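Descriptive structure summary
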Amino acid sequence: MSSIWTIKEARNWAFSFLKIREDLDEPIKEGDYLLCYVMGMDRSKLLAYHEKELTFSEKSLFIELVKKRAQGEPYAYLTNNKEFMGLNLKVTKDVLIPRPETELLVESALNIIKTFSCEQPIKVLDMCTGSGNVGLSIGYYSSKPVKITLLDISSDALQIAKENAHSLGLQSKCTFLESDMFSKVSEKYDIITANPPYISESDYSGLSIDVKNEPVKALKAGSDGLLYYRKIAEEFRNSIVDNGTLLLEVGDNQAQDVSNLFLKKDLTTWIEQDLAGIDRLVGITKI
Ligand SMILES: C[S@@+](CC[C@H](N)C(=O)[O-])C[C@H]1O[C@@H](n2cnc3c(N)ncnc32)[C@H](O)[C@@H]1O
């Protein structure tokens, strides 16, 4: 540990360390991203300044991060940051790492918000909020005044959502609610968004070690992955205004099953695809 490393030596060491993980597509890039984070440089600078030496603390931090990455800790947890909808969000092991496909939920909510003509703030409930990525993005980009309630069963997740609301300057628009689904919801909302846990028990066992580093309670949803959609279908009616909209992210191949849960209750539903063309969102209108 005493010898000094240049950027080139650090890159080579990380590559040899990370390539043991056969499931990593690009071990060289994985190492580079961590080195960029440690050195505060972008990748082009890293490549241009190959002979620059790391300080002692840069070297020890880099070694620690690469070892954790090799053990499956996701990059976003190592750097405590994830970009979502162009916003930088804090993430820790207490929250799911926001996925790009979840941006559809935000875009769909923003499109509905555009159709409102009322003067009063539009009330949005973001169930299963995690880092707050969905609710906070709606608050950040909404063209109309909004009041957002961010709800989660995990107080640790809500703490992260609060910190993100603060860093985005959205505190005045947000309320935080620790609740098991709708159990503590006492108001009615114009729009409810939710990206609930939706991985079945059997699919969970086949997930990569990176994903298994994320909170189990953000992922697992009973034997068929539909546990939370059933709860929402049973419980949401008292928490939404007439003509209100419920928007649900769904897992691969779940859209029709989720839609059916609401069709059975004589509600109107529709399905939207994500950028990969996968059915990713079920919308429900309460008439
Ligand atoms: C799939 S994550 C979604 C996080 C975030 N909204 C996103 O899109 O990345 C599901 C979230 O639901 C929360 N959750 C799990 N069970 C819950 C329950 N019974 N009531 C409320 N929230 C719950 C978890 O703590 C987790 O934050």
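Residues numbered from 1 in each chain as written. Predicted model: local features only at pLDDT ≥ 70, side-chain atom pairs only at ≥ 80, totals over all residues. Heavy atoms only, no water.

The name that an unreviewed UniProt entry assigns to the protein is Release factor glutamine methyltransferase, with the source organism given as Natranaerobius trueperi.

Description of the overall build of the protein
Per the secondary structure count, the protein includes 12 helices and nine strands. Oriented by its inertia axes, the alpha-carbon framework of the protein measures out at about 70 × 40 × 35 Å. The proportion of buried residues among the 287 residues of the protein is 51%. Relative to all contacts within the protein whose residues are 6 or more apart in sequence, the contacts with residues 24 or more apart total 67%. (Helix = DSSP H or I, 4+ residues; strand = E, 2+ residues; numbered from the N terminus. Buried < 20%, exposed > 50% of the residue type's maximum accessible area, 1.4 Å probe, protein only. Contact = heavy atoms within 4.5 Å.)

Points about the pattern of salt bridges
Summed over the entire model, instances satisfying the criterion amount to 17 salt bridges. Where Glu26 meets Lys29, a salt bridge forms, and the shortest distance between an N and an O atom there is 3.4 Å. Classification of Lys29 as partly exposed rests on a relative accessible area of 25%. For the salt bridge of Lys93 with Glu73, the shortest nitrogen-to-oxygen distance reads 3.6 Å. A residue pair is termed long-range when its members are at least 10 positions apart, and Lys93 in the loop between strand 2 (87-89) and helix 6 (103-114) and Glu73 in the loop between helix 4 (56-70) and helix 5 (75-79) qualify at 20 residues. Note on Glu73: relative accessible area 14%, which makes it buried. Overlapping salt bridges, with partners in common, bring together Arg21, Asp23, Glu30, Arg69 and Asp210 in one network. (Salt bridge = Lys/Arg side-chain N within 4 Å of Asp/Glu carboxyl O.)

Here's the deal with the UniProt feature "binding site: substrate" (unreviewed entry) in the protein
Under the UniProt annotation, the feature "binding site: substrate" (unreviewed entry) is placed at Asn195, Pro196, Pro197 and Tyr198. Checked against the element boundaries, Asn195 lands in the loop between strand 6 (189-194) and helix 9 (201-205). Overall, the relative accessible area of 18% leaves Asn195 in the buried class. Asn195 has contacts with Thr102, Leu105, Met127, Cys128 and Glu249, leaving out every residue within four places of it along the chain. On the secondary structure map, Pro196 appears in the loop between strand 6 and helix 9. (UniProt positions renumbered as here; feature names shortened; annotations may be inferred.)

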